[in-house]
Amino acid sequence: MSNVKIEESWKAVLSNEFEQAYFQGIASFLRKAKGEGKTIYPPGSLIFNAFNTTPFEAVKVVILGQDPYHRPGEAMGLSFSVPRGVRTPPSLKNIYKELQSDLGIPVADHGDLTKWAEQGVFLLNAMLTVERSKAGSHQKIGWQNFTDAVIRTLSEGREGLVFMLWGNFAKRKKELIDESKHLVLEAAHPSPLAGGAYFGSRHFSQANAYLEEKGMEEIDWNLM
């Protein structure tokens, strides 16, 4: 599986994972699904978009999502993000509201978070694919083995990162992170289903204060 199309620095640090049986199982599962005519999101070229946009050494902040969006045209390989021209999903609207109250940043009129990714915000979903219209359909095909390894690799190989863990699913990943080397911020999920418990978490200002303390450039969270 050394032919995985992924950015070179990630390819180097994750090379062992690509040789594992579970990863080969993911690849054969996806090939079989496509052979059966199933539609998989995001498109193949965007499955590793988070990695390709934010190289290993460029990561400053990790925002962990769960599954890609499962409706047409939404998933783009960056957690919580949708392409321009696609309606902003409810969870992302709440993220924007929190940004506005935390840092006074105006609410963006689009849902494309590529600008964050290009500055070192690693927008990682725990599952990197999903079948069309079937939420969570690829949760058991092995992706979590891979993305857990990604989180561990970041924790071990880097220092001074900010991990934003929103909701119970993401919070369970805390055990993969060395908190003596990194800042772990936890909050409720930004989904409206969480009843607004996410609001007031102030993760964006905390992240920037930590980066500044570590001598790193802050993230410009403004998407406008």
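These notes cover the structure that comes with them.

Rules behind the numbers
- Residues numbered from 1 in each chain as written.
- Predicted model: local features only at pLDDT ≥ 70, side-chain atom pairs only at ≥ 80, totals over all residues.
- Heavy atoms only, no water.
- Helix = DSSP H or I, 4+ residues; strand = E, 2+ residues; numbered from the N terminus.
- Expected span 1.5 Å × (residues − 1).
- Buried < 20%, exposed > 50% of the residue type's maximum accessible area, 1.4 Å probe, protein only.
- Contact = heavy atoms within 4.5 Å.
- Axes fitted to C-alpha atoms, helices over the stretch in contact; angles between N-to-C directions.
- Parallel < 35°, antiparallel > 145°, perpendicular 65-115°, else oblique.
- Left-handed = near helix turned anticlockwise from the far one by under 90°.
- Nonpolar A, V, L, I, M, F, W, Y, C, P; charged D, E, K, R; others polar.
- Pairing = 2+ DSSP bridges.
- Salt bridge = Lys/Arg side-chain N within 4 Å of Asp/Glu carboxyl O.
- Patch = residues over 30% accessible without salt bridge, like charges linked within 9 Å, V, L, I, M, F, W, Y side chains within 5 Å.
- Areas by Shrake-Rupley, 256 points an atom, 1.4 Å probe, with all protein chains shown as cover.
- Lys, Arg positive; Asp, Glu negative; His and termini not counted.
- Charge placed at Lys NZ, Arg CZ, Asp CG, Glu CD.
- Phe/Tyr/Trp six-rings, centres within 6.5 Å; stacked < 30°, edge-to-face > 60°.

Quick look at helix H5 (residues 90–103)
Working step 1: The terminal C-alpha atoms of H5, which comprises 14 residues, lie 20 Å apart, in line with the 20 Å expected from a rise of 1.5 Å per residue.
Working step 2: Taken together, the buried positions of H5 are occupied by Ser91, Leu92, Asn94, Ile95, Tyr96, Glu98, Leu99 and Asp102.
Working step 3: Elements in contact with the buried residues of H5: helix H6 (114–118), strand S5 (162–166) and helix H9 (203–213).
Working step 4: Among the residues trailing H5, Gly104 stands out with phi positive, at a value near 70 degrees.

As for the packing of helix H3 (residues 21–35) against helix H7 (residues 143–157)
Working step 1: As a packed pair, H3 and H7 sit with axes 8 Å apart at the nearest point and diverge in direction by 130 degrees. Regarding the angle of H3 to H7, the classification is oblique. Of the two possible hands of crossing, H3 and H7 adopt the one that is left-handed. Between H3 and H7, the residues in contact are Tyr22, Phe23, Ile26 and Leu30 and Trp143, Asn145 and Phe146, respectively.
Working step 2: A class-by-class count of the residues in the contact of H3 with H7 yields six nonpolar, one polar and no charged.

Observations concerning the sheet that holds strand S6 (residues 183–187)
Working step 1: In space, the four strands of this open sheet follow the order S3-S2-S5-S6, with parallel pairing throughout. Every other strand in the sheet has two partners, leaving strand S3 (121–125) and S6 as the edge strands with one partner each. On average, each strand axis in the sheet is tilted by 20 degrees relative to the strand beside it, whichever way the strands run.
Working step 2: Relative to S6, S5 runs parallel, the two sharing five bridges. Residue Val162 lies in a different strand from S6, and its bridge partner there is Leu183.

Some words on the pairing of S5
Working step 1: Most of S5 sits inside the fold, with five of its five residues counted as buried.
Working step 2: Burial along S5 is two-sided: Val162, Met164 and Trp166 facing one way and Phe163 and Leu165 facing the other are all buried.
Working step 3: Sheet analysis places strand S2 (residues 61–65) next to S5, joined by four bridges and oriented parallel. Pairing of Val61 across the sheet is with Val162, part of S5.

A closer look at the pattern of salt bridges
Opposite charge on two side chains makes pairing possible when the charged atoms of those side chains draw close.
Working step 1: Under the counting rule described, the total for this entry stands at nine salt bridges.
Working step 2: Note that Glu74 is salt-bridged to Arg71, the shortest N-O span being 3.5 Å.
Working step 3: Taken together, the salt bridges that share partners define one network made up of Lys32, Glu36 and Lys38.

Observations concerning a negative patch on the surface
Working step 1: Side chains of Glu156, Glu159, Asp178 and Glu179 sit close together on the surface and give a patch of like negative charge.
Working step 2: Within the element layout of this structure, Glu156 appears in helix H7.
Working step 3: According to the relative accessible area criterion, Glu156 is exposed, its value standing at 60%.

Considerations on the packing of aromatic side chains
The geometry of an aromatic ring pair is captured by two quantities: the separation of the ring centres and the angle between the planes.
Working step 1: Counted under the stated rule, the structure contains 21 aromatic pairs.
Working step 2: For the ring pair Trp10 and Phe51, a centre distance of 5.0 Å and an interplane angle of 80 degrees mean the geometry is edge-to-face. Highlighted residues: Trp10 in helix H1 (residues 8–13) and Phe51 in helix H4 (residues 49–53), separated in sequence by 41 residues.
Working step 3: Judged by its relative accessible area of 0%, Phe51 falls in the buried class.
Working step 4: Among the aromatic residues, ring-to-ring pairing joins Trp10, Phe18, Tyr22, Phe23, Phe48, Phe51, Phe56, Phe122, Trp143 and Phe146 into one connected group.

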